[in-house]
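Summary of structural features
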Amino acid sequence: MFDAHLHLWDRDRFAYPWMDGNADLPQASLPGAPGFPAGGLPAGAVFIEAGVAEAQRLDEVAWVTDLAAAADIRGIVAAADLLDTVALTGHLSALREFPLVVGVRDNFEGLPAGALAERLPGLLAVLAAGLRVDVCIRHEQAAELAGLLEAVAAQRGDASGVVLDHIAKPGLEGLAGVSGAAQRSAVLTAARDAWLPGIRRLATIESLAVKVSGLPGQVPGPVAGELAGELAQTFIPPLLEAFGADRVMFGSDHPVSTLAHGLDYRVWFGALHLTLAGILEADELEAVLSDNALRFYGLADVPADDDVPADDQAGNTQTMKESR
């Protein structure tokens, strides 16, 4: 198993504006800290930027680089501002000093309507530099993101090198205060039906990848094992139907989608595994749980051409809803 979406942080060392006032999030997410996967991660993980203050973004990368061996980190997705292309050029140059950096993320969630198209030049610049791009939106932004990625594909031939985080964050606010199984089922069905048209639209964009991550992070309050299973069973089958097993990868979103909701990492992984194993063949399951992410981030021994941005093939080396 390879975790394509792991967060590390230390709130005593860095400032994370989005965490201010959030007592549910642990003070630190570090190897050896309570709730960190015991025994490490079998195939390792990709660290995803944790919303650190803008002035500390390079410091975060240096810190994670130092922690990489202890935390089984094989790649780093650093924070970046895709709107300011002048600053982005310098930032990408600075990131080249860190060999573990495999991509960047500019969290699109919460941006006003129409703002995504303004990120097109920055997005193209990152891909041209041979880095991957994680994109994080809410499901209401799916059509706008599709337009942005269609513009990317028009210029590059496809959207290879871009991965959608947290399956575009279905709206699960309706679960607040709901305890009965029948009520939960009704809320989950309604949320799935509202989310599905957008995810199907995004799936039409050739080579766009998606992470099975972040679902518990959309739930208000604790997530027990039963609800974890219901989340997986509601959203994973239609996601796989839309994208196919070759474009889907596992990410835990630990500790945002685990500890912050009273959910053990192993329980959430177990719920996902049970659902995935009931749908996929053995080789497809291995792809979703490990191989797809390793190829996408360029960490496999022999990455497939279709999973590598075009420039790599040429040899170029705000307070938000939980789940980052």
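Use the structure listed above.
Residues numbered from 1 in each chain as written. Predicted model: local features only at pLDDT ≥ 70, side-chain atom pairs only at ≥ 80, totals over all residues. Heavy atoms only, no water.

In this section: the overall build of the protein. Looking only at helices and strands, one finds 9 helices and 10 strands in the protein. Taking 2.2 N^0.38 as the reference for a compact globule, 324 residues should give roughly 20 Å; the C-alpha atoms of the protein span a radius of gyration of 18 Å, in line with that estimate. Per-residue burial for the protein yields a buried fraction of 57% across its 324 residues. Of the accessible surface of the protein, which amounts to about 12,400 Å², a share of 52% is contributed by carbon and sulfur atoms. Side-chain charges in the protein split into 21 positive and 44 negative, and the spacing between the mean points of these groups amounts to 3 Å. (Helix = DSSP H or I, 4+ residues; strand = E, 2+ residues; numbered from the N terminus. Rg over C-alpha atoms; globule rule 2.2 N^0.38 Å. Buried < 20%, exposed > 50% of the residue type's maximum accessible area, 1.4 Å probe, protein only. Areas by Shrake-Rupley, 256 points an atom, 1.4 Å probe, with all protein chains shown as cover. Lys, Arg positive; Asp, Glu negative; His and termini not counted. Charge placed at Lys NZ, Arg CZ, Asp CG, Glu CD.)

With that out of the way, let us pick up unusual backbone geometry. H254 connects to P255 through a cis peptide bond whose omega is 0°. Examined against the element boundaries, P255 turns out to sit in the loop between strand 10 (248-250) and helix 7 (265-277). Positioned with a positive phi, S207 is a non-glycine residue whose angle comes to about 75°. The topology assignment puts S207 in the loop between helix 5 (181-203) and strand 9 (209-212).

For the rest of this paragraph, the subject is the nonpolar core. The nonpolar side chains of a soluble globular protein tend to be buried with one another. By size, the foremost hydrophobic cluster in this structure holds 97 residues, and its most contacted members are L8, I73, L145 and L202. Sort the elements by how many residues they give to this core and helix 6 (residues 225-243) lands first, with 9 residues. Non-local contacts of I73, meaning those with residues more than four positions away in its chain, are made with L6, L8, A45, F47, V64, A68 and L100. (Core = buried A, V, L, I, M, F, W, Y, C linked by side-chain atoms within 4.5 Å. Contact = heavy atoms within 4.5 Å.)

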